[in-house]
Amino acid sequence: MKPIKSIIVLLLIIVFCLQISGEERKKPISMKELTDPKSPSYVPYPYPKKRAEIIADFKYYCQNFCGEKNGSKESFISDYEDITDKISLNLLEPNSNYQIGEIFKVKNRRAGFADDYTWLIMVMNRNGQIAMRVALYASGLLIGAGAIGEQDIASASPEERQRFARLMKVITDEDVKNILSQSIGRTVNGNEIKKMERVAYPSSIGSYLCPVQETKMADGAIYYYSELRDMIYSIDKKIPWKKNNQGIRPLESSLTPSWDYLPDTINDELVILTRIPRK
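Predicted model only: the values in this text are computed from it and were never measured.

S.K.: I keep staring at the pattern of salt bridges and nothing clicks. Help me out?
M.R.: Where charged atoms from two side chains of opposite charge approach closely, those side chains can pair. Considering all chains together, one arrives at 13 salt bridges under this definition. The shortest N-O distance in the salt bridge between Arg-133 and Glu-227 comes to 3.0 Å. Taken together, the residues Arg-133 in strand 4 (residues 130-137) and Glu-227 in the loop between strand 8 (222-226) and strand 9 (231-240) connect sequence positions 94 residues apart. Taken as a pair, Arg-133 and Glu-227 share a single burial class, namely buried. Among the salt bridges present, the one from Lys-238 reaches Glu-269, with a minimum N-O distance of 3.9 Å. Note that Lys-238 is positioned in strand 9 and Glu-269 in strand 11 (residues 269-276), a separation of 31 residues in sequence.

S.K.: Explanation requested: the packing of helix 2 (residues 51-65) against helix 3 (residues 83-91) in the structure shown.
M.R.: How two helices sit against one another is set out by the angle between their axes and by the gap between those axes. At their nearest, the axes of helix 2 and helix 3 sit 9 Å apart, and the two run at 115° to each other. The angle between helix 2 and helix 3 falls in the class roughly perpendicular. Note that helix 2 runs across helix 3; the crossing there is left-handed. For the pair helix 2 and helix 3, contact is made by Phe-58, Lys-59 and Cys-62 and by Ser-88, Leu-89 and Leu-91, respectively. Of the residues in the contact of helix 2 with helix 3, the class split is four nonpolar, one polar and one charged.

S.K.: Would you take a moment to explain the pairing of strand 10 (residues 261-264) for this structure?
M.R.: Alternating residues of strand 10 divide into Tyr-261 and Pro-263 and Leu-262 and Asp-264, and every residue in both groups is buried. Linkage of strand 10 to strand 11, two consecutive antiparallel strands, is achieved through a turn of four residues, within which Asp-268 is found at a positive phi near 55°.

S.K.: How should I be thinking about the state of the cysteines in this particular structure?
M.R.: As used in these notes, a disulfide is a covalent bond between sulfur atoms, one from each of two cysteines. According to the stated counting rule, one finds zero disulfides in the structure shown. The thiol of Cys-66 is unpaired, and the distance to the nearest cysteine sulfur, on Cys-62, comes to 4.7 Å.

S.K.: Got a minute to help me understand the confidence of the model for the protein chain in this structure?
M.R.: For residues with low pLDDT, the predicted coordinates do not support detailed interpretation. For the protein chain, mean pLDDT is 88; residues scoring 70 or higher make up 86% of the total. Considering only residues more than four positions removed or in separate chains, one finds that residues 1-22, a stretch of pLDDT under 50, has 74 contacts.

S.K.: What should I look at first to understand unusual backbone geometry in this one?
M.R.: Glycine aside, a negative phi is what most residues show, and trans is what most peptide bonds show. Even without being glycine, Asp-230 reaches a positive phi, approximately 50°. Take Asp-230: its relative accessible area is 23%, and that puts it in the partly exposed class. For Asp-268, which is not glycine, the phi torsion reads 55° and is therefore positive. Mapped onto the secondary structure, Asp-268 falls in the loop between strand 10 and strand 11. For Asp-268, a relative accessible area of 22% corresponds to the partly exposed category.

S.K.: Where do I start with the pairing of strand 6 (residues 193-200) in this structure?
M.R.: The side chains of a regular strand alternate between the sheet's two faces. As paired elements, strand 2 (residues 98-108) and strand 6 share two bridges and run parallel to each other. In the strand pairing of strand 6, Lys-107 is matched with Val-199. In the sheet, strand 6 pairs with strand 7 (residues 212-217) via six bridges, with the strands oriented antiparallel. The residue bridging Ile-193 from the neighbouring strand is Met-217, located in strand 7.

Conventions we followed
Residues numbered from 1 in each chain as written. Predicted model: local features only at pLDDT ≥ 70, side-chain atom pairs only at ≥ 80, totals over all residues. Heavy atoms only, no water. Salt bridge = Lys/Arg side-chain N within 4 Å of Asp/Glu carboxyl O. Helix = DSSP H or I, 4+ residues; strand = E, 2+ residues; numbered from the N terminus. Buried < 20%, exposed > 50% of the residue type's maximum accessible area, 1.4 Å probe, protein only. Axes fitted to C-alpha atoms, helices over the stretch in contact; angles between N-to-C directions. Parallel < 35°, antiparallel > 145°, perpendicular 65-115°, else oblique. Left-handed = near helix turned anticlockwise from the far one by under 90°. Contact = heavy atoms within 4.5 Å. Nonpolar A, V, L, I, M, F, W, Y, C, P; charged D, E, K, R; others polar. Pairing = 2+ DSSP bridges. Disulfide = S-S within 2.5 Å. pLDDT = per-residue confidence, 0-100.

The structure is reproduced here in C-alpha cells:
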C-alpha cells in the first residue's frame, strides 16, 4: 500500500476528514510487508517508538517518494510547486532551512485506521514556526502532510494571516490551560487537570494533522480545544451512531442539526459539543 500524501494548506485539512459511511477498522499491514525492502510498505523501523526511529521512517519517505524523479506526479496547473515536497527534500540537505521539531503521539478515534494512535511531526522553519505538519500511522507509513507556503501567506487576507500565524505556532498544554481559563472565566489550576492529550477524529474540528487537545478534569468534566477553530468546547451529549444491517451509519445531519460534533467511529457515537467562547 503506497502512503497517501495530502498536499494542502493547513486551513483546507478538513477536505481530507470527511466521514466515510460504513467504514471498518483496517487490518494492520503485516510485518512481512513492513520489513521487506522491496515492498512499497517498507519502513526502516516498523512501529517506531523512539524519536530517531520516527524521523528515520519519515526521511525514508522523503528520499524515496518525494520529487519528480519517481514519475508519480502530474500537475494540471502551470508552474505548480509542491510545497510539501520542497520542504521534505530540503530536510535531507546538510544545511537545511528546516528542522524536525516536536513529535506528538496522537490518540486515534477513527475506525478506518488500524491502530489506536498516530504520530504528528512538526517541521519548523528558521523562525521557529511550523512550516509543515506530517502525520504517520503507528506503523511508520505516511498518512499525510500539510504546509503553509510563502505564497499562501502573501495572497491571504488579514483574517487568514491571523489563522496562518496561529496554525504555525506549536500549542502547548500550558497554552490550552490558559485558553480554557479565559473561556470558562476563571483560572484553571494544574491540580484540577487529570490528563491532557491530543486526539484525532475524522472531523473538521480536529483531524490527524490538527488534532483536538482533550483536557480531562479531576471532577469528570472534559474540554476540547480546536486549533482549526480556535475554540474551547464542552460535551453537550453523546448520540449512538451504530451501523445498520448493511454496515452503513446514518447521516450525521439526520441525528443532529449541529455542526459542532466529533464523530467517534470507535465507540459508535457522535459527541455533540457546546462552544465556550473566550470571555
